[in-house]
Amino acid sequence: MNILDKITADKRKEVDLKKSLIPINQLEQSFLFERQTISLTERLKNSASGIIAEHKRRSPSKATINQNLNVQDVAKGYENSGVCGMSVLTDGKYFGGSLDDLILARASSNLPLLRKEFIIDQYQIIEAKAYGADVILLIAAILSKEEIKQFSTLAKQLNLDVLLEVHNEEELHKSIMPSIDMLGVNNRNLKTFEVSLDTSKTLSEMIPNDFVKVSESGISTVEAIKDLKQFGYKGFLIGENFMKTDNPGESATQFIQNLEK
Ligand SMILES: O=P(O)(O)OC[C@@H](O)[C@@H](O)c1c[nH]c2ccccc12
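Residues numbered from 1 in each chain as written. Predicted model: local features only at pLDDT ≥ 70, side-chain atom pairs only at ≥ 80, totals over all residues.

**A closer look at the overall build of the protein chain**
Then, in step 1: From N to C terminus, the protein chain includes 12 helices and eight strands.
Then, in step 2: The C-alpha radius of gyration of the protein chain comes to 17 Å, within 12% of the 18 Å expected for a compact globule of 261 residues.
Then, in step 3: In the protein chain, which comprises 261 residues, the proportion classed as buried is 46%. (Helix = DSSP H or I, 4+ residues; strand = E, 2+ residues; numbered from the N terminus. Rg over C-alpha atoms; globule rule 2.2 N^0.38 Å. Buried ≥ 20, exposed ≤ 12 C-beta atoms within 10 Å, placed from the backbone.)

Written out as structure tokens, the structure reads:
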């Protein structure tokens, strides 16, 4: 079993348990369920920097990135830095995140928020909305074409944007459909953790122009962004490079200043 198989097997158990504890109609009563969502896709189209900054304490590939920060401070810092959006890991077991992180980020910033989660059930999409997300992530490697269609259609009905993540050509081909807003290419192979920005570069020309292209993972320099922009990328998802510092918001501020020079 590779790590992605393990994560999804655990996730199924977690979601089944949650479903038995908190029914969907209870989630729909959250006051955040009625909130007007903000489109990350539109922001990225009109942004010079295109940075989406992530809150990530740890990951299967890195045991500790930063455990000492307060998610509200991170969210405020990111907002002040001028990033386009924030990604919040909500997986507990492998990434040390939670839905509380999402709600706290919502309470302390007006950025479009991406729920960074391994979505394998429609329940998690309703949950994302109930906890204040604006965008969901769908990972092609763990979903069938039919699931991608169903899940993205539900997200659109809830006014959530959809970022569909791929890592290779096969995943890309099964994912291209009108209910997707953004196509993210993960430079990290989630099965082996190998990282290469060449993945974004190679897949870029196969992505139709009507999707906003996002390059994810392993980005740590402004040069990398300038390079990826030549391949049509509009969005850049950065986690560790900011989170490994004492002040991620300040790091993002400096990064964006350097990008604009
Ligand atoms: O910390 P990095 O290398 O900048 O990566 C951020 C983000 O792309 C990464 O956390 C990520 C991309 N896709 C995912 C899917 C699940 C969990 C995490 C991820």
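**Remarks on the environment of Asn46**
Then, in step 1: Topologically, Asn46 is positioned in the loop between α3 (40–45) and β1 (51–55).
Then, in step 2: Residue class for Asn46 comes out exposed when judged on the 9 C-beta atoms lying within 10 Å of it.
Then, in step 3: Along the backbone, Asn46 and Asn209 are 163 residues apart, and their C-alpha atoms lie at a distance of 15 Å.

**A closer look at the environment of Ala155**
Then, in step 1: Note that Ala155 resides in helix α7 (residues 145–157).
Then, in step 2: Measuring from C-alpha to C-alpha, the distance between Ala155 and Pro112 comes to 15 Å, with 43 residues separating the pair along the chain.
Then, in step 3: When near neighbours in sequence (up to four residues on either side) are disregarded, Ala155 contacts Ile125, Ile136, Leu160 and Val162. (Contact = placed C-beta atoms within 7 Å.)

**As for the site of the ligand**
Then, in step 1: Residues in close proximity to the ligand total 15 residues, the closest being Glu216, Ser217, Leu237, Gly239 and Glu240.
Then, in step 2: Elements represented by at least two residues in the shell around the ligand include exactly β8 (235–238) and α11 (240–243). (Near = placed C-beta within 6 Å.)

**Details of the sheet that holds strand β5 (residues 161–166)**
Then, in step 1: With respect to topology, eight strands assemble into a closed barrel ordered β1-β2-β3-β4-β5-β6-β7-β8, the strand pairing being parallel. Going from strand to strand, the sheet's axes swing by 25° on average, the running direction of each strand aside.
Then, in step 2: Against the sheet, α7 contacts β4 (135–139) and β5, and its axis sits at roughly 180° relative to β4. (Pairing = 2+ DSSP bridges. Axes fitted to C-alpha atoms, helices over the stretch in contact; angles between N-to-C directions.)

**A short note on the UniProt feature "domain: Indole-3-glycerol phosphate synthase" (unreviewed entry) in the protein chain**
Then, in step 1: Mapped onto this structure's residue numbering, the UniProt feature "domain: Indole-3-glycerol phosphate synthase" (unreviewed entry) falls at residues 4–251.
Then, in step 2: As a span, residues 4–251 carries 41% helix and 16% strand, and end to end its C-alpha atoms are 30 Å apart. (UniProt positions renumbered as here; feature names shortened; annotations may be inferred.)

**Here's the deal with helix α5 (residues 99–108)**
Then, in step 1: Most of α5 sits out of view: seven of its 10 residues are buried.
Then, in step 2: Listed in full, the buried residues belonging to α5 are Leu99, Asp101, Leu102, Ile103, Leu104, Ala105 and Arg106.
Then, in step 3: On its buried face, α5 is in contact with β1, α4 (71–81), β2 (85–89), β3 (113–116) and α6 (122–130).

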